[in-house]
Amino acid sequence: MIKIEDNVDLRSLNTFGLQGTAQRLVTYTDQKDLDSLFAHGKSEWQTGPVTHIGGGSNILFIGDYDGTILKSEISHPPVFTEESENTVLVTAGAGMTMDDLCAEVASRGLWGTENLSGIPGQVGAAAVQNIGAYGVEIADLIERVNLFDTKKATHTEMTASECGYGYRTSIFKRQPLKGQYIVTSVTLRLSRLPVPRLSYGHLAVRVSAFPAPQEIRREVIAMRDNKLPDWRKTGNAGSYFKNVETDMAAYDRICSMVQPEEVPHYPAGDGRVKIPTAWMIEKCGWKGRSEGGAAVWQKQPLVLVNATGNASWSDIVKLEENIISSVHNKFGITIEPEVEKIRNI
Ligand code: EPU
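Our subject in this report is the structure included herewith. Sequence positions are assigned chain by chain, starting from 1 and proceeding in written order. Reporting in this predicted model follows two pLDDT cut-offs: at least 70 for local features of residues, and 80 or more for side-chain atom pairs to be given and counted; totals over whole chains, interfaces and linings ignore these cut-offs and use all residues. Think of the side-chain values as coming from all heavy atoms in the structure, minus any hydrogens and water.

Digging into the site of the ligand
This is how the line gets drawn: Any residue with a heavy atom lying within 4 Å of a molecule or strand is counted as near it. Any N or O atom pair separated by 3.5 Å or less is treated as a polar contact, with the protein-specific requirement of one donor-capable and one acceptor-capable atom, and with residues adjacent in sequence counted only for side-chain atom pairs. Throughout this entry, Asp, Glu, Lys and Arg are counted as charged residues, while Ala, Val, Leu, Ile, Met, Phe, Trp, Tyr, Cys and Pro are counted as nonpolar. The remaining residues, Gly among them, count as polar.
Around the ligand, a shell composed of 20 residues is seen, among which Tyr 134, Tyr 167, Tyr 200, Asn 243 and Gln 300 lie nearest. Between the ligand and Arg 168 there is a distance of 2.9 Å, counted from an oxygen atom to a side-chain nitrogen or oxygen. A distance of 3.2 Å separates an oxygen atom of the ligand from a polar side-chain atom of Glu 338. Split by residue class, the shell around the ligand holds eight nonpolar, seven polar and five charged.

Take a look at the structure:
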């Protein structure tokens, strides 16, 4: 079913809780709806530019959206199929809430998605931006991504390697394919045999010796709840900035500025290291600071929040720019936003 609404309040479409209006919102509940929406090229339901969004948990609307927002509500119950004795495939609609899928998978005792528990957003967007947490990325689990090609108006599919995944990226986010494909459903490979991934942070010490997926899910959610703001109470889009990988020269330079043992770092392969962006932001004195209606979350400075509930997009962008230049001035490192800006052109 296709639903077309005009002059829609943006607050229902972004977890930052930013106010504004979208000229048109087109939601659909079935992948076949895309056949009719795109049957004759540009159609009358399109007004202005067209942007497809997911749960709105990783976007920042730059003002009102004078165009058409497309949103999937393909959220039929996930379909589980036995692939082999120990492997199960699950196919979930792009509009399903990712955490509902994680809950269902864990409740069946299946392994794969437990470390991704508690991440806001929809399944389709998860596959577009390769969500990751606690040492697992969704790309590690993807068997195939089922797609609609808006240029050819046909359904197709891609394997994980065809999706060109990297840290929070895929071919769907990069030119020249950005905007061409719409994810209709995602098929993940799950295991019946235990494959706990506990090497990240303190996860291993928080769970029992032989944890079930449910137990890991519970602990992951507890860790997230402890550190990250609940967007329903304080608007935010999760990590606002990406983490960075640097070469050893940059790492040595940073070590020379502070007590070397103070610099958190993790191997990133090829002689490179990951230095948490949150640590650099904190060292620049931003933790808990606010500017206009926006603020840096006290418990996790990678997250910017709509502190007053009335922040404007420009409050958030100003804070972003000030943080980027201050990290650059202090450490010589240019950090990048992870959140995607949605503007009219
Ligand atoms: N790190 C490791 N191994 C570890 C622990 C940390 O490599 O055992 C690295 C991380 O990869 C990262 C850095 O150290 O480069 C900092 O890690 P931390 O646990 O402090 O997490 P974070 O940077 O605050 C990232 C994700 C979160 C995700 C957490 C937990 C980004 C931008 N953010 O946050 O994702 O929940 O790790 O895995 O990568 C989001 O994307 O919105 C988000 C909340």
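A look at the sheet that holds strand β12 (residues 181-191)
Heads up, the rule is: When DSSP locates at least two bridges between a pair of strands, those strands are taken to pair. The way it works is that DSSP assigns letters per residue, a run of H or I at least four long becomes a helix, a run of E at least two long becomes a strand, and they are numbered from the N terminus. Lines fitted to C-alpha atoms define the axes here, with helix axes fitted over just the stretch in contact, and angles between the N-to-C directions of these axes take values from 0 to 180 degrees.
Taken together, the five strands give an open sheet; going across it, the order is β6-β7-β12-β10-β11, and neighbouring strands pair in antiparallel fashion. Edge positions in the open sheet fall to β6 (79-82) and β11 (154-158), since each of these has one partner strand only. Going across the sheet, the axis of each strand differs from the next one's by a mean of 20 degrees, ignoring polarity. As defined by bridge partners, β6 adjoins strand β7 (residues 87-93) across four bridges and the pair is classed as antiparallel.

Observations regarding the pairing of strand β5 (residues 65-72)
Which entries qualify depends on this criterion: Remark: exposure states derive from per-residue accessible area (1.4 Å probe, protein chains only) relative to the maximum for the residue type, with buried under 20%, exposed over 50%, and partly exposed in between.
The buried fraction of β5 amounts to seven of the eight residues, a majority that puts the element mostly inside the structure. Sheet topology note: the strand β2 (residues 21-28)/β5 ladder contains six bridges and is parallel. Note on β5: the bridge partner recorded for Leu 25 is Ile 69. Bridge count for strand β3 (residues 50-53) against β5 is four bridges, and the pairing is parallel. Its bridge partner lying in β5, His 52 is registered against Leu 70.

Some words on the sheet that holds strand β17 (residues 290-291)
Worth spelling out the cut-off: Pairs of residues are marked as contacts when any of their non-hydrogen atoms sit within 4.5 Å.
Sheet architecture is open: four strands sit in the order β13-β19-β18-β17, paired in antiparallel fashion. Every interior strand has two partners, whereas the edge strands, β13 (235-239) and β17, have only one. With three bridges connecting them, β13 and strand β19 (residues 303-306) associate as antiparallel partners. Its bridge partner lying in β19, Gly 235 is registered against Asn 306. Packing against the sheet, helix α8 (residues 313-331) makes contact with β17, β18 (294-296) and β19, and its axis sits at approximately 35 degrees to β18.

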